[in-house]
Amino acid sequence: MLRRLTIRDFVIVDRLDLEFAAGFGALTGETGAGKSILLDALGLALGGRGEAAMVRSGRERADVAAEFDLPAGEGLAAWLVEQELPADEGMLILRRTIDAGGRSRAWINGVAATLAQLRTAGEWLADIHGQHAHHALLRADAQRALLDAQAGAGALVAEVAARHREWQRLLRLQREAEADSASSARERELLAWQLRELEQVGFDIEEWAEINAEHARLAHAAGLIEGAEAAVVALGEGELAVCSVLGRLDGRIAALADFDAGLADVRELISAAAIQADEALHALRRYRDRLELDPGRLAELERRIAAVMEAARKYRVQPEELPALAQQWRERLDTLEATADPARLAAAAQAARAAFESVAAELTAARLPAAHRLSEEIAAAMQDLAMAGGRFEVALTPCAPSAAGVEEVEFRVAANAGQPLRSLAKVASGGELSRIGLAIQVITSRDSAVPTLIFDEVDVGIGGRVAEIVGKLLARLGQDRQVLCVTHLPQVAACADWQWRIAKREQGGETLSEVAPLDDAARVEEVARMLGGVNITATTREHAAEMLGRR
C-alpha cells in the first residue's frame, strides 16, 4: 500500500509530506482546492505524463516521491531483480522530477531508472480511475481490453496479434509474387550477378587495412632503405658516430664523478642515453636488413587495390561499405527467392492462418466465461445503484478475423426492466453511464491484485441514496486493500475510514494548496459543509454526525 507521498513545487503545492493509512480514505474540499492535483502528483511518480506546466511558477523543478510497501508475491520482486534494481527491506520508493524546461528524471529506490521502468513498477502498485474513465468504456477497444484483463488473457492477446501479422505478411507476399513475377525474376538475376561480382573481388575489411599498409611500405621501400642506412651510419660508424661519442662521454663523466658525487645524476642520464642509442642502432640494422625492393609484389597489390576501388566507384560507396552492400543485396535476394513461388507462399499463408485460428479459438474460450461472469456481476451491481430491473451483457459477436481475434466485444445495457439490450454507447444517459461505469470499475478493481486503488471523482453525476451505496461499495473494497477517493459527496465521504480536507491558502501573494487530516469533530464539520454549503446550522451538523455514526 501507499505509505508516504512527498511533493515539492508541484502546480500550487509548495511542500507536502503526507502519510497514508490503510482502508478507505476520502479526500474532500472545495472545487479547485487541489484535490485532483494530489492524484496528478502521485500519477507522475507512477510514470504518468509530465510537462513543464506542472512546475510551480518561479521554481526550477517539481519533485514527487511515493513510498510503497513491496506487494506480497514474487512478481514485482522478481522484476526488480531482473532489472537490477534494489528492493530495500520490503519498501519501494518511486521518485520523479520535472524541471522548468520539461525534462524528466526518474529513480526507483534511489537508482536512476527509465520512465518505462517507473511505469511498469507503478502498474504493480496502484491503479488510478479518473473522473472521466467511464467515457472510455464507450470505445470498443476499451471494452475488449477490459474483458481481456478480466480473463487474464494478455499473453493470448499478444500471440493472436502476432499470428495475424504473420498470416497477413505471407498473404501480401503471395499477392506480390502472383502480380509481379516477371519483374521479380529480372531483379533476382541482377542481384545474383552483382553478388557474384563482389564475391570475385573478395573484399575483406581486415585484409584491406593490411594491403594498404603493405602497399605504402613497398611503394616507399627505396626511401626507407636509404633513410635507415643513413641513420645506421650516424649512430654507429665513423669517429663522430653518436654511439661512440656517447660511450666516450660516459667514461669521461664517470671519471669526474669519482671526484664530485654531484655529477652522478648527469652520468646516469648520459649512460642511459648511450644504452638507448646502442639499442636503436641494433634495431635499425635489423630493420634495414629486412627491407627489400619487390616490384612484383607491389604490382600485385596495386592490381588488388584497383579492383576494390573500381567496385566501390561503380556502386557509389566507400570500399569499407562493400560488405554491408553485399549483405543488403543478399537479404533482398533471399526475400525475392522466397516470393518466387506463389504456390509455396500460398501453402505457408494457409499454415499461418491455421495457426492464427487455433490461438484465436483459445482466446475465445478464455473470453466466454469472463464475459458471462462480468455480465452477472455488473448487472447485480446495477440493482444496488438505483437501476432496479436493469440488465448488462458483455456480448461476443463473430466477426472477420483481425489482430484482436475472431469476435467483437460489445457492452450492452438495458437501464430499466422490459427494455431490450442495446449498445452502451447508444442508450445510456449521462447519469446512467456514470453509475454503470462506476459499477464496472468497482467490480474490475475487486478482482485486481493491485494493493492501492484510487478513484478521482468517479461518483460525479450521482447523489442521494445511490451516493450512499457507492460509499459502501468503496468501503467494502477498503476492507481488503487501500482505497483513496476524491469526492464531493458527503454520503461517500461519511463511509470512509479516514478523511483529509484539501484547501487553498494565500501566502506571499501566492495561492497554495494544503492538506489537513481530520479528527472526528473536524469530520463532522467537513461533512456538514458538504451538506449545507455556506451556512452550516446545528441541524446540518446533527445530520453530518448521524451520517458518520452509520459507518
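Note that the coordinates shown come from a computational prediction; the quantities given were computed from them, not determined experimentally. (Residues numbered from 1 in each chain as written. Predicted model: local features only at pLDDT ≥ 70, side-chain atom pairs only at ≥ 80, totals over all residues. Heavy atoms only, no water.)

A. Inspection of the overall build of the protein chain at higher detail. A count of helices and strands for the protein chain gives 20 helices and 15 strands. Sorting the 551 residues of the protein chain into buried and exposed places 41% on the buried side. By sequence separation, contacts in the protein chain at least 24 residues apart represent 69% of the contacts at least 6 residues apart. (Helix = DSSP H or I, 4+ residues; strand = E, 2+ residues; numbered from the N terminus. Buried < 20%, exposed > 50% of the residue type's maximum accessible area, 1.4 Å probe, protein only. Contact = heavy atoms within 4.5 Å.)

B. Structural view of the sheet that holds strand β5 (residues 91-99). Taking strand neighbours across the sheet as the criterion, the six strands line up as β2-β1-β4-β5-β6-β7 in an open arrangement whose pairing is antiparallel. Each end of this open sheet is capped by a strand with a single partner; those strands are β2 (13-19) and β7 (111-113). Across this sheet, the average inter-strand angle for adjacent strands is 15°, counted without regard to direction. In this sheet, strand β6 (residues 104-108) lies alongside β5 in antiparallel orientation, the contact comprising five bridges. (Pairing = 2+ DSSP bridges. Axes fitted to C-alpha atoms, helices over the stretch in contact; angles between N-to-C directions.)

C. Here's a closer look at empty space enclosed by the protein. Tallied over the full model, the rule gives one cavity of 30 Å³ or more. In this structure, the largest cavity occupies an estimated 40 Å³ of space. Around the largest cavity, the lining residues are Leu-2, Leu-5, Phe-20, Leu-27, Leu-38, Leu-39, Leu-42 and Leu-484. Elements with a contribution of two residues or more to the lining of the largest cavity: β1 (2-10) and α1 (35-45). Take the lining of the largest cavity: its biggest share by element is three residues, from α1. (1 Å grid on protein atoms, 1.4 Å probe; cavity = no way out; pocket = protein on both sides within 12 Å on 5 of 7 lines; lining within 4 Å. Points joined across faces, edges and corners; volume = space filled by probe spheres on them.)

D. Examining the side chain of Arg-529 more closely. Within the secondary structure, Arg-529 is located in helix α19 (residues 520-532). Of the polar contacts made by the side chain of Arg-529, one reaches the side chain of Glu-30; its length is 3.3 Å. Ignoring anything within four residues of it in the chain, the contact list for Arg-529 reads Gly-29, Glu-30 and Ile-536. (Polar contact = N/O pair within 3.5 Å; in protein donor to acceptor, adjacent residues only side chain to side chain.)

E. Spotlight on the sheet that holds strand β8 (residues 126-129). Reading across from one edge, β8-β12-β13-β3-β14-β15 is the order of the six strands in this open sheet, with mixed pairing throughout. Two strands lie at the open edges of the sheet, namely β8 and β15 (510-517), each paired on one side alone. Across the sheet, the mean angle from the axis of one strand to that of its neighbour is 20°, orientation sign disregarded. Where strand β3 (residues 24-28) lies against strand β14 (residues 498-507), four bridges are found, and the strand directions are parallel.

F. Layout of the pairing of strand β10 (residues 405-414). Bridge count between strand β9 (residues 391-402) and β10: nine bridges; the pairing is antiparallel. Residue pairing for β10: Ser-402 is matched across the bridge by Gly-405. Between β9 and β10, which pair antiparallel in sequence order, lie two residues.

G. Up close: the packing of aromatic side chains. In the structure shown here, the tally under the stated rule is five aromatic pairs. Ring centres 5.4 Å apart and planes at 65° place the aromatic pair Phe-392 and Phe-411 in the edge-to-face group. Placement of Phe-392 in strand β9 and of Phe-411 in strand β10 is noted, with a sequence separation of 19 residues between them. Here the two residues Phe-392 and Phe-411 agree in accessibility, since each one is buried. Aromatic pair Trp-498 and Trp-500: ring centres 5.1 Å apart, planes at 50°, arrangement tilted. Note on accessibility: Trp-498 and Trp-500 belong to one class, buried. Across the ring face of Trp-107, the terminal group of Arg-95 is positioned such that the distance to the ring centre comes to 4.5 Å. (Phe/Tyr/Trp six-rings, centres within 6.5 Å; stacked < 30°, edge-to-face > 60°. Lys NZ or Arg CZ within 6 Å of the ring centre and 35° of its normal.)

H. Quick peek at the nonpolar core. One finds Phe-24, Phe-392, Phe-411 and Leu-474 to be the most contacted residues of the largest nonpolar core, which totals 47 residues. Top contributing element to this core by residue count: helix α17 (residues 464-477), with eight residues. For Phe-24, the contacting residues outside a window of four places in its chain are Gly-471, Leu-474, Ala-475, Gly-478, Val-483, Cys-485, Val-492, Cys-495, Ala-496, Asp-497 and Trp-498. Among the nonpolar cores identified, the runner-up in size contains 46 residues, and Leu-2, Ala-45, Ala-106 and Trp-500 belong to it. (Core = buried A, V, L, I, M, F, W, Y, C linked by side-chain atoms within 4.5 Å.)

I. Layout of α19. If you check α19, its first and last C-alpha atoms are 18 Å apart, about what 13 residues at 1.5 Å a residue would give, namely 18 Å. Within the span of α19, buried status applies to Arg-523, Val-524, Glu-526, Val-527, Ala-528, Arg-529 and Met-530. Residues of α19 that are buried in the fold lie against β3, α18 (490-494), β14 and α20 (538-549). (Expected span 1.5 Å × (residues − 1).)

J. Region of interest: the environment of Leu-85. Structurally, the position occupied by Leu-85 is in the loop between α2 (75-82) and β5. Classification of Leu-85 as buried rests on a relative accessible area of 8%. A sequence separation of 26 residues divides Leu-85 from Val-111, and the C-alpha atoms of the two residues are 7.0 Å apart. The contact partners of Leu-85, leaving out residues within four places of it in the chain, are Trp-79, Leu-80, Ile-108, Val-111 and Gln-117.

K. Examining the pattern of salt bridges more closely. All chains considered together, the criterion is met by 23 salt bridges. Each member of the salt-bridge network shares a partner with another, and the members are Asp-9, Arg-56 and Arg-59. (Salt bridge = Lys/Arg side-chain N within 4 Å of Asp/Glu carboxyl O.)

L. Representation of the packing of α2 against helix α3 (residues 115-125) within the structure. Viewed as axis vectors pointing N to C, α2 and α3 meet at an angle of 165°, and their least axial separation amounts to 10 Å. Looking at the two axes, α2 sits roughly antiparallel to α3. The two elements α2 and α3 cross, and the hand of that crossing is left-handed. Across the interface between the two elements, Gly-75, Leu-76 and Trp-79 from α2 touch Gln-117, Thr-120, Ala-121, Trp-124 and Leu-125 from α3. Its residues assigned to classes, the contact of α2 with α3 comprises five nonpolar, three polar and no charged. (Parallel < 35°, antiparallel > 145°, perpendicular 65-115°, else oblique. Left-handed = near helix turned anticlockwise from the far one by under 90°. Nonpolar A, V, L, I, M, F, W, Y, C, P; charged D, E, K, R; others polar.)

M. Representation of α3 in the model. Residues of α3 that are buried include every one of Gln-117, Leu-118, Ala-121, Gly-122 and Leu-125, and no others. Burial along α3 is one-sided: seen end-on, the buried residues are contained in an arc of 135°. (Arc of directions from axis to C-beta.)

N. Region of the structure containing the environment of Ala-312. With respect to the secondary-structure elements, Ala-312 resides in helix α12 (residues 295-314). Judged by its relative accessible area of 3%, Ala-312 falls in the buried class. Sequence separation between Ala-312 and Leu-322 is ten residues; the distance between their C-alpha atoms is 6.9 Å. Sequence-distant contacts of Ala-312, that is, excluding residues within four places in its chain, are made with Val-317, Gln-318, Pro-319 and Leu-322.

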